[in-house]
Each structure stands twice: as structure tokens, then as C-alpha cells.
2 protein chains.
Amino acid sequence: MALKIACGQIEIIAGRPDLNTKKILHHMDMACQNGIDILLLPELAVPGYFLGDLWEQTAFIEDCAAYGDEIIAATENCGELCVIFGNIAVDNSKRNEDGRARKYNAAFAAQHGRLLTNGTLPYDFIVKNALPNYREFDDNRHFYGLRQLALELDKQVAGLHQPLTVTAHGETVKLGLMLCEDGWTENYFLDVPQLLAQHGAELLCNISCSPFSINKNSKRHRLFGSAAQKAGIPLIYCNNVGIQNNGKNIFTFDGCSCVYGSDGWLLTDAPMYAEATLCAGWDSKAKAIDTSGITSDPRSEIDEVYHSLRYGCQRFLEQAGIGKMTIGLSGGIDSAVTAALFVDILGPDNVLLVNMPSCYNSPMTQTIAEQTAQSLGANYTVIPITESCLHTREQLTQTPIHSYRQHRDFQLTISPLIYENIQSRDRGSRVVAGLAAAFGGAFSCNSNKTELTVGYATFYGDICGALAPIGDLWKHHVYELGRYLNEKVFQRQVLPEAVFTIRPSAELSSEQTVGTGGDPLVYPYHDKLFRSFLEQWRKTSPAEILLWYSEGTLAEHLGCEADIISEAFPDARSFIADLEHWWKLMHTLAVAKRIQAPPIVSITRRAYGYDHREAQLTPYFPREYHRLKAQLLND
Amino acid sequence: MALKIACGQIEIIAGRPDLNTKKILHHMDMACQNGIDILLLPELAVPGYFLGDLWEQTAFIEDCAAYGDEIIAATENCGELCVIFGNIAVDNSKRNEDGRARKYNAAFAAQHGRLLTNGTLPYDFIVKNALPNYREFDDNRHFYGLRQLALELDKQVAGLHQPLTVTAHGETVKLGLMLCEDGWTENYFLDVPQLLAQHGAELLCNISCSPFSINKNSKRHRLFGSAAQKAGIPLIYCNNVGIQNNGKNIFTFDGCSCVYGSDGWLLTDAPMYAEATLCAGWDSKAKAIDTSGITSDPRSEIDEVYHSLRYGCQRFLEQAGIGKMTIGLSGGIDSAVTAALFVDILGPDNVLLVNMPSCYNSPMTQTIAEQTAQSLGANYTVIPITESCLHTREQLTQTPIHSYRQHRDFQLTISPLIYENIQSRDRGSRVVAGLAAAFGGAFSCNSNKTELTVGYATFYGDICGALAPIGDLWKHHVYELGRYLNEKVFQRQVLPEAVFTIRPSAELSSEQTVGTGGDPLVYPYHDKLFRSFLEQWRKTSPAEILLWYSEGTLAEHLGCEADIISEAFPDARSFIADLEHWWKLMHTLAVAKRIQAPPIVSITRRAYGYDHREAQLTPYFPREYHRLKAQLLND
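Residues numbered from 1 in each chain as written. Chains lettered and ligands numbered in written order. Predicted model: local features only at pLDDT ≥ 70, side-chain atom pairs only at ≥ 80, totals over all residues. Heavy atoms only, no water.

Named according to an unreviewed UniProt entry, chain A is Glutamine-dependent NAD(+) synthetase originating from Phascolarctobacterium faecium. You can read under Pathway (unreviewed entry) in the UniProt record for chain A the words "Cofactor biosynthesis; NAD(+) biosynthesis; NAD(+) from deamido-NAD(+) (L-Gln route): step 1/1." In UniProt, chain A has this text filed under Catalytic activity (unreviewed entry): "deamido-NAD(+) + L-glutamine + ATP + H2O = L-glutamate + AMP + diphosphate + NAD(+) + H(+)". (UniProt positions renumbered as here; feature names shortened; annotations may be inferred.)

With that settled, consider the environment of B:Trp537. Its place among the elements puts B:Trp537 in the loop between helix H15 (523-534) and helix H16 (542-551). On a C-alpha basis, the gap between B:Trp537 and B:Gln148 in space is 29 Å, while along the polypeptide they are 389 residues apart. (Helix = DSSP H or I, 4+ residues; strand = E, 2+ residues; numbered from the N terminus.)

Moving on: the relation of the copies chain A and chain B. Once chain A is rotated about the relating axis by 180° and shifted along it by 0.0 Å, it coincides with chain B to within an RMSD of 0.0 Å. A rotation of that kind, with that shift, is consistent with a two-fold axis. No C-alpha of chain A lies nearer the rotation axis than that of A:Gln596, which sits 2.1 Å from it. Of all interface residues in chain A, 100% are interface residues in chain B too; the two copies therefore contact each other through one and the same surface. (Least-squares fit on C-alpha atoms with pLDDT ≥ 70 in both. Contact = heavy atoms within 4.5 Å.)

Here the focus is the interface of chain A and chain B. Listed by partner, the interface residues are 119 residues for chain A and 119 residues for chain B. At the boundary of chain A with chain B, total buried surface from both sides reaches about 10400 Å², with 54% on carbon and sulfur atoms. The largest share of the area that chain A buries against chain B comes from A:Glu97, A:Tyr404 and A:Tyr620, three residues that together contribute 8% of it. Applying the counting rule to chain A against chain B returns 16 salt bridges. Between B:Arg147 and A:Glu97 there is a salt bridge, with its nearest N and O atoms 2.7 Å apart. The greatest single-element share of the side of chain A that touches chain B, amounting to 12 residues, is contributed by helix H11 (residues 416-439) of chain A. Here the side of chain A that touches chain B is composed, by residue class, of 52 nonpolar, 36 polar and 31 charged. Relative to strand S19 (residues 379-382) of chain B, strand S20 (residues 401-403) of chain A runs antiparallel, the two sharing 2 bridges. (Buried area = accessible area lost by both parts, 1.4 Å probe. Salt bridge = Lys/Arg side-chain N within 4 Å of Asp/Glu carboxyl O. Nonpolar A, V, L, I, M, F, W, Y, C, P; charged D, E, K, R; others polar. Pairing = 2+ DSSP bridges.)

Residues and elements named next belong to chain B. The strand order across the open sheet formed by 3 strands is S11-S12-S23, and the pairing between neighbours is mixed. Of all the strands in the sheet, the pair left with one neighbour each is strand S11 (241-245) and strand S23 (600-601). Direction of pairing for strand S12 (residues 249-254) relative to S23: parallel, over a ladder of 2 bridges. Of the residues in S23, the one forming a bridge with Ile 250 is Val 601.

In this section: the pattern of salt bridges. Side chains carrying opposite charge are able to pair once their charged atoms draw close together. In the structure shown here, the tally under the stated rule is 76 salt bridges over all chains. A:Arg606 is the partner of B:Glu56 in a salt bridge, and the nearest nitrogen-oxygen pair spans 2.7 Å. Of this pair, B:Glu56 sits in the loop between strand S2 (38-40) and helix H2 (58-74) while A:Arg606 sits in the loop between strand S23 (600-601) and helix H21 (623-634), each in a different chain. Given the relative accessible area of 7%, B:Glu56 is considered buried. Residue B:Arg483 is joined to B:Glu497 by a salt bridge in which the shortest nitrogen-to-oxygen separation is 3.0 Å. One end of the pair, B:Arg483, is in helix H13 (residues 475-489); the other, B:Glu497, is in the loop between H13 and helix H14 (498-501), with 14 residues separating them in the sequence. A relative accessible area of 32% means that B:Arg483 is categorised as partly exposed. In the salt-bridge network here, residues are joined through shared partners; they are A:Asp53, A:Glu56, A:Asp98, A:Arg100, A:Arg141, B:Arg135, B:Glu136, B:Lys539, B:Arg606 and B:Asp611. (Buried < 20%, exposed > 50% of the residue type's maximum accessible area, 1.4 Å probe, protein only.)

Turning to the state of the cysteines, a few remarks are in order. Residues and elements named next belong to chain A. For the structure on display, the rule yields 0 disulfides over all chains. Sulfur of Cys 7: no disulfide; nearest cysteine sulfur belongs to Cys 238 and is 3.5 Å away. Residue classification places Cys 7 among the buried positions, given a relative accessible area of 1%. Free cysteine Cys 359: the closest other cysteine sulfur is in Cys 389, separated by 9.3 Å. A relative accessible area of 61% means that Cys 359 is categorised as exposed. (Disulfide = S-S within 2.5 Å.)

Averaged over every residue, the pLDDT of chain A is 96; the share at 70 or more is 100%. Both confidence scores are given for the complex: pTM 0.97, ipTM 0.97. (pLDDT = per-residue confidence, 0-100.)

Together, A:Glu387, A:Glu394, B:Glu387 and B:Glu394 line one region of the surface with negative charge. Along the chain, the position of A:Glu394 falls in helix H10 (residues 386-398). (Patch = residues over 30% accessible without salt bridge, like charges linked within 9 Å, V, L, I, M, F, W, Y side chains within 5 Å. Areas by Shrake-Rupley, 256 points an atom, 1.4 Å probe, with all protein chains shown as cover. Lys, Arg positive; Asp, Glu negative; His and termini not counted. Charge placed at Lys NZ, Arg CZ, Asp CG, Glu CD.)

Turning to the environment of B:Arg141, a few remarks are in order. Locating B:Arg141 in the fold gives a position in helix H3 (residues 139-142). Here the alpha-carbon distance between B:Arg141 and B:Ile565, two residues 424 residues apart in the chain, equals 44 Å. If we ignore the near neighbours within four places in the chain, the residues touching B:Arg141 are A:Asn133, A:Tyr134, A:Arg135, A:Phe137, A:Arg606, A:Tyr610, A:Asp611, A:Arg613, B:Asp53, B:Asp98 and B:Asn133. There is a polar contact of 2.8 Å between the side chain of B:Arg141 and the backbone oxygen of A:Asp611. (Polar contact = N/O pair within 3.5 Å; in protein donor to acceptor, adjacent residues only side chain to side chain.)

What follows deals with the pairing of S19(B). Residues and elements named next belong to chain B. Examined bridge by bridge, strand S18 (residues 351-355) and S19 share 4 bridges and lie parallel to one another. Paired with Val 354 across the strands is Thr 381, a residue of S19. In this region the chain leaves S18, passes through helix H9 (residues 363-376) and returns to the parallel neighbour S19; the handedness of that crossover is right-handed. (Right-handed = clockwise from strand over helix to strand, strands pointing away.)

Before going further, it helps to examine the domain arrangement of chain A. In terms of domains, chain A is made up of domain 1 (3-298), domain 2 (323-452 + 470-507) and domain 3 (522-635). The C-alpha-based centres of domain 1 of chain A and domain 2 of chain A are spaced at 45 Å. (Domains from an automatic or database assignment.)

So, on to the sheet that holds S20(A). Sheet architecture is open: 6 strands sit in the order S21(A)-S20(A)-S19(B)-S18(B)-S17(B)-S22(B), paired in mixed fashion. Every other strand in the sheet has two partners, leaving strand S21 (408-410) of chain A together with strand S22 (442-443) of chain B as the edge strands with one partner each. As paired strands, strand S17 (residues 325-328) of chain B and S22(B) are joined by 2 bridges and run parallel to one another. Bridging from a neighbouring strand, B:Thr326 pairs with B:Phe443 of S22(B).

Our next topic: the nonpolar core. Residue and element names in this part refer to chain A. Among the nonpolar cores identified, the biggest contains 58 residues, and Phe 342, Leu 353, Leu 376, Leu 467 and Leu 481 are the most heavily contacted of them. At 10 residues, the largest contribution of residues to this core is made by helix H8 (residues 333-346). Filtering out sequence-adjacent residues up to four positions away, Leu 353 remains in contact with Ile 327, Leu 329, Ala 339, Ala 373, Leu 376, Ala 378, Asn 379, Tyr 380 and Thr 381. (Core = buried A, V, L, I, M, F, W, Y, C linked by side-chain atoms within 4.5 Å.)

So, on to the UniProt feature "domain: CN hydrolase" (unreviewed entry) in chain A. Feature annotation in UniProt places "domain: CN hydrolase" (unreviewed entry) on residues 3-284 of chain A, given in this structure's numbering. Along residues 3-284 of chain A one finds 24% helix and 31% strand; the C-alpha atoms at either end are 7 Å apart.

Below, the structure is given as C-alpha cells:
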């Protein structure tokens, strides 16, 4: 007879210990009925993880503890079931370093109404050791770590990582229980999985609250697989689903709980973005894990991106009580993809698409917009902005301004750039915002990551809305997503072919149309350039870009085609001018725009907002850059 | 003969090691000329402190190290001068826990072209121990701490805090050198100042990069004074001036460097918000400090608030290259105070005030607006919004919308609330944003903290602009600042008396005017209620509010007048309805608005943004709240 272990991949709602506890109790009931011996639940399953500074509110923390006690007490009526769940643990007799009550990110193991311990801590719970403080994580802000505790207890931290013995029906397993980051041991001082194995663990269990990003799961497979292999024992990974946000970013939690064998191979996994129970058997005689052996097929990157965005947007709208969306539809790729995404989520009746032409909008883009609305079956309207913009121009330039100090009147003039922004704000803040309110619901920001990087967008014009669904997608991602929506999601051409082939343009002046200049960005190059500034592990600087340019290795380093660079920039002078122009914008005005941008659904490793954090600074070029520039321009 | 010690309270520009190094070298020159033996400079004087994730850019870090080397090398030509400065220290042979190059927040002491060390570390610099991770601080995100290093070195961290011996002209002093937070020892595991004293330090030196907040300096005097007294030796505190931001918040660095005697008393201090050199003599025979003994007069709270806002706004505009400001002037207190503040900073010729009446605006507020503009001597214009709003209403309600799925047309209607928001956005995003661009410069967000708390403001209407100067001021603070501007700054009634006495109102509908309903907020109560949710050390929850209400101690707990509460809420039911209404808004829609709000000039302990961090959540009321509510309503 084997111990039956279940991994409860549940949806956690941040900041709702009441709802999460209800769900956990329900899963415990089901586990009981199904003869489960050990039920694993995710990290911080009671409170949620990304709560901002709600962690400082005593009443909330006390509730989480009380709900935790309910869960522990409930095991009294669950036979032999041992439930293992993440919760915040509070010790009011001690202080965190901010002076508030001591808080641990902890794992609780309860059976027969009591907590099981490994006997090494002054507490009856397991304390997270590795506290991540990078990307969107702020663990040290709120939690006291095992390493800090060890110092306080004057003990070696390694000795505090001990397995937990769980017995049910006479069968026993020594669980190497750890919390999330304790399994990502690359850069930390201690290798927690190996310590647990050395101290006798027979089965590693990692309970996590781990958000999705592109390539995260393949990295996890590599790290967790090799940890299991190195320890020579199996590893169960339990993650939650749902969304959580940190204000500026909406993160999706993908689940994908799984079991690795003692050889490091993936044995079985739970689905992405769906609640599920993943089961395994533990043979305590053979010290071996038994699973059904089914694993999901690997997904393509764009498939993962689509599912993440769809799930993230859908859950965010649901949480915010938004059932209808209005989208400004220009005839370009960004708004078309956004429109299709929301029609996919909400259905065509709940999506209102609006085209807002001025004299600068070509009949071609207007036709594409109409075709898109038609093929999506959505609601569609056309509201011209010409009259309103002319009225604004007249008011701003014809109304006298009186200087009380100089006792004189004067009038203002409006430059073409100012008039471009007036048009953009007229669309976003006047028409779309007003229509969205009247239609009932919200509207979306259709900016992509390339535009957001350099602030190629207008404050309160196109940077506005309840959320930015494609704000973490480079322009080439947006095109890929468009193709995917046609081919895989709708399985027909909902986005007309012209939307993929038309030249991207803001259509805000006679110089900036699909027929004339188009956008000032050479997307196949700038996508990769900006990505290297932001997402590359070793973030590049203009100095490296210039070095690679002078060596002729830039295209290779960035991963774009060499012709694109040489065609766009005939000489070093024009290349440098472009580089400096965008580098300066990226760190000044574009930051100001991002500070006021809507929340971004995050999918990459480094989304703007709370993942990649920024200060508004003055432009700075490295010393090496100045040297290389002088060299290049003198050659 | 005594050692001459100077504290260089310099302005640091975040992210500009080139400019900061230039300034430091200049101060070293001056120190040389003035016979200074030891020149103290602030923490992270080379790179700045609040840089967001610029800390991850290798080229930037390498430049900071190279500039640091320049400073060290420059001491070769500075006679006996020992310069002590803060900089980032990088060890490329080791990793931070995020996997990037190891970085320390460090203090360097250089003399004769070489670094002085205390001999206990594998480095020739001092490493910060206490890394703050609360409020706006993210030290663990970027820096490796002394405690972590001690664990890695397998040493006791206490033993690593050793004094640094500095000798000049045959005179010697053992400096207890520490970085910022290492002096704020209340809640940390180690008491760094006492350890340094126990290990032989004769004089404590704290180099800081410490932003202003109300009451910070009195707390520092208490903590640092008692540290000096407990250690029985003097303490020198060296802080910088300037502004730095973390995206959502602009922080001012107040300087206020000072010297505490061995009895804990303040001996001398440098001015607030001004570059200065503070000098002291060290008698190495008598082990005694000698200062000029002059200390500044204590300032009132509102005086500090005014100077912080003025300095913060002035420096922020300067950094962003903004020389002119446009302000929507409603006739209410918030915009009037903002207008006066910018006239004070930029002069009346560089400020454009615009009143934007609709049919709901009373002649009274229009007159107040005009009077305010006149008394300030500013530029003033009146741009009505009626025609534009009617046009918008007509377009939104008369234009047919076609449903491609249902093959039918329909039209939308607009509720009074929607029309209110249309007016607000018309003012902010159409008129003020357009005027500001035409006038040349930017515009301000006039929202106060009370409004921002519950989102009593419109997206892209009044929540927009380059910065929110009074976004960290409760309504009562705004009134106080208005009085202060009249009495102390302009020394005449620039803000008309009526602006202080008129009933606050948004004037967006016939129900919401200065003559009828006014704002739904009872400011003398809600100011204090919201403050208790946010700024109180032990953050209150609705449960505590209800408990105090039922006990009759609420006014006392909040610090407001009891009559105000009983007058505003005749019974428990109405009190509860109000409490729940605002509590829900505060955690849902108001968070969404704050996420897109402009940067706030921060003055309190808990400004919205990066100081008080937030997730958008669904409303949660503690269990105890439900119990108390049922009890109250059943009584």
C-alpha cells in the first residue's frame, strides 16, 4: 500500500483569505473522500502573495492566522489526511527590521488537528529561507527569512533545513518541504534541496506561488530536474493559478504543477491556467514515486503568450467587474490584435470598436478597421474628431490671455506636434473614454512595448485605459499574435491581411501617414535594440552597441538582419544620431509616460512597471561610449 | 593642534556619476585649500541612490567604479586630506542573490592616493550592514549586506564593525564609520554605533543619503543623540541635498547634516536644502570635538512642508527642463495653493492659470479664480468647456453603433455621472494639456491626498499632469499651506479669503455646487480617518474604527472633534454606510487611479506610490468587522 499524495493546484485570490480558505476546506473535503493522505497546497495559499503593503495591516494578518487555524482544526475531521499549505506566520513577540510584527512566509503541515514539525525551529511551521528581491519580488520588505532567524538563534542555518516526517495508515515519508525560491538555488548561499536530502528527505516538495514569464518553465525544469537528480530523490512542485498584481503589472500564475523523478525527468504535470489535482503514490518500502506518467505536450512561445494574455485579461476584467470593453480601432496591427483578443474573451456583443478619423487618416486604414470589426462581429462606430480638434485649436489660439503683471493680452500658437497630441488626446480621453463609460465597462490601452520603451505615444491619448494587454509585447510579438489569432484562435481571417502588410503609422499629420513617412521606428532593428537594453541578462548600454556596430557584429549580437541596419543608417553619424535620440527618450520622457501608464499584463522577463523599476533621470552615456563615438566619427 | 573635519553637504544628482564626481573633486580642492584633514561626503555620492534598476546596467556600475578611482587617485595631490565618500562597490568574482555581479553600498576612505581599511574585510571599503527594505527603500534588491558577507566568510558579523584609523599631521582619530541605516538601529539585530564604540571608535561618522519626511529629523535627533550618548563619543551625520525619485514619488533630500556631542546633544547643524560645509575640530589628545556651536532654530511643521514642496517641485522642473507651468484654476483651495506655489517658484510670467467654466460653475468661484490670478500677477485666461462637452455628448449619443453580429444599429445614452467625467476630462486632457503645450512647459495635477485616497477625481481629468505637488497633503494641510503662502511667503493676501471659506465642490452637476451639496467628504473627519488607514504606525482597519465608534472613542483615537462625527452621521447605519463606501473605493477604483497618477512630491511617512505600495484588490473586511457591524446594527 502506498501513500496517496495530491497536489492541489488551486486558484488563489490575492487579499481574500476568506475565499481562499473556503476553497482550501473544500479541497480538503474532496481529498478526504478520495482517500488522499497528503494534500499539498501552494505558497501563501491563504492570503495570496502580491498584496503591496497590505502586509502591514494587523487586522488582515490576524485574519490570515485565524483562517490558517481553521484549516489546521479542520484536519481533525479528515481522518489521516495531512494538509500542507502556505500562509503568513506572525510572531508578535518579535520584530521585523521595519519595526513591525515579525512575519514569515511559511509552510504549515497539519494532521489530526495539530501541526507537524521537524523539531529544529522554535516554531511549528517551516520558514522560507531564500527571499527573492528582484524583478517583481519584494520578499525582504515583508518577511523575515530563515537565515536572519538562524543568526538571531545563534544557529547554523544549514542545520535548520530538516525533513518533516508524515505518517498515515502506518506508512511514512520524510518530506523535504521547501517554499518556492528555496528550490531556485543557483545564486543563493545554501542549496536547500541538497541539504534536505542530506538530512534524510525521501521526497522533495516545493510549494510555490510563481508567476508565468516566457521561458520560466523550461528554466524550472532544468533547475528542479537537476536538483532532484542531484539529490537522487523525486520532487513535487505545487503552484497556484489565478492572477495577482503589484499595481503597475498584472501577473498570471500558470499552475503547471508537476512531479520530477529521482533521475530528474518530468513524470507528470498539471495543465496551464486551470485548477487541477495532480496525484502521485509514494511507496514507502521502495522509496519510490508512482505517477500516471502523463505529461503535456510542449507549447510554442506564441501559444504560451496568447494563453497568458487571454487568461490575464479575462481574470483581471472579472476581478474589476468589467464586462464590456471599448477599443479605439485605427486600422493598424496593435488595435486590431487588441480588439480580437477582447472579442475572444468577452464575445463580440461586449466589445465596442470605434474608428476616429481626422483628415490625416487614409481610406485604407478606415476600411481595414471596418473590415476587422465586421469579421469579428463586434459593435462598431465611426466618430470623427475633426470638428472637436478644430474647436480646441480655435479656443487655444484665439482666446486672449491676460498677463496681470505686464498688463497686456497675448495669444498662443500651436505647432504641428502640439496638434498631433491634441488629436491623440481627443481620441483617447474624449471619445474612447466617453464611449466606454456609455457602453458600460472600460477601455484598453493598445500600446506595445516598443512604443512604450521610447514613449512613442501620447499622455492621455493612447497611453490610457484600464489595462495594457499588449504592453509587454514587442512589435514583432504583436504581429505573431495577430497571425496566431487568425490561424489558431478564430481559425479564419478575422484580422485582414492588410493589417499585417500596411506600414505602421500614427496618421497624425500629413508627414505621418501610411503612404508617406510612417512610424520613425525600424521595428525589426529597434525591437531587438530596445530588448537588449531591457531584457538581456547583461543589460547592454550604448557603449556596447557602438562597439558592436564598429566591429560589424551588431546584427549578430542583437539577433536581427544586418541589411536592416545598413539600410536604415547609411553612415555612422546617422546610426549614432538614432541611438542617442532613443536612448535619451527612453530614460526621460518615456519614463514619465510609463509612470502614468495603465497596468501591463506581464509576460516577459522584465515588464515595465514593478518588474523593471525606473527613476526619471537625465540622460547618461557611459565614458566608453564617448570614446567610441569620437573614434567612429573621426575615422 | 586639532584635526579639521568637514562634512560636505553636497547636492547629488541621481544617475550622474560624471557630474557628482566633478562636484566631489571641486570640494576636495576647496578642502585642501582650507586645511581640512578629513572630508566626509554622503552615502552613494557618486551614483546617487534612487536609480530604479539602473543598478543592473554593467556599463553604469563600471563607470561609477572608475569615477571612484579618480577620486581616490586625486587624494595624491591633496596633501594629508582624507576623503570619505559613498559609492557602489562591485566584486565581479561574486554574485548577488539575483545572479548579477556582487554589489555593496560602501564607504571609501582615501588618503595619499590609497584606500584606508580597518583590516577586517577582504575589501578596502566599509560595507553597509543594515539594508532598509521598507517605505521607498529597496536596498536588498541591489546590494549585498555585511551580514550576508559575514555568513559567506563564516565570520561573526559583529566583529566586522571596526573603526578606521585616520592620521594627518601626526594627529590620529579612530573613526566609527557607518552608512545611513546602520545608525537607525532600533529594529536591527546589531547595534552598529555601540559595536564601533566598543571596538575603539573615538568619533562616530554616519554618511547618509536620507530623504526628508515630516518628523524624520526629530526622530533622527532622538536616535542618533541617544546613540552618541550611549557610546559616550560624538557623532557626525553627513547627508546630501537634492531630489531623487523612484518613478511614482519625488523625494527631497534635506541635508541637515549635524554634529552630536558625546552627551547626545546637538552641537551644530547645516541648513536645510542648501549645499554647505559643516566644520568641526577633533582634539586627539582630549578626544573631544569642537564645533562653532551654532544650531538652527526649530521649524514648524508647515514651514518644513512648504520648503520641501518648493524645493522638490523646483528641482524636479529644473531636472525635467520645464520652465513654465499651466494650472487649471477652479476657484477652490487646491488649485489656488498649487498656483501660488508655482508662481513662487517660477515667477508670475511663467505661470498660466486657466478657468474653465461650464453652466455648473458659480460666478463666485469664477471671481475667486480671477482674483487669485490677479493677486499673483500671473497669466490668466478663461476657456469655457460647454460647447465642447455638448459636442461630445451629441457625438456619443447620436452616432449610430452597428452590431455586426446582430445586424442592427443602436445608440448609447449618457448618465449624469458620465457627463461629469466628460467635463473633467475635457478640462484636463483637452484644455489644460493643450494650453500647457502651447504655453511651453507642463501642467500640474492639483489633487490632494484625501481625494487620491478614495479616487475622488477623474482619470485623465484632474488626475493628470507632470507632477502632483500637493498629492501628499491632506486637505487640512492644503488649507494650512494656503495660509502660510499668504502670511509668510507672499506676505500679502494672494489667495482671497473666500478660497478658505467656500464649500469645497467639484461643480460638475447641479447637485454638486458650492451652493448645494458640495463634496461628499467631511474633510475634518475623513482626513483623519484615511490617515489612520495609511500613515498610522499600526494601520487601522474598519474593525478598529467600528470598535472605537461603538465605544464612543473614535474622535479621540483619530484626533478629530466628536461633534463632527455625530453631526455627519446621525446613526450607526449611516456611519457604517460611509465607512464601507470609502473603504471599498480606497482598495479598488482609487488604486487604479493612483496607478496612473503623476509622480507625487513626498513629504509624509507614507506617500502613495513607491512608498506605500499597492495592489488592485477586491474589498475585504476583517472578520471582527462583520461581528461588530452585526452587533451595532442589532442594538
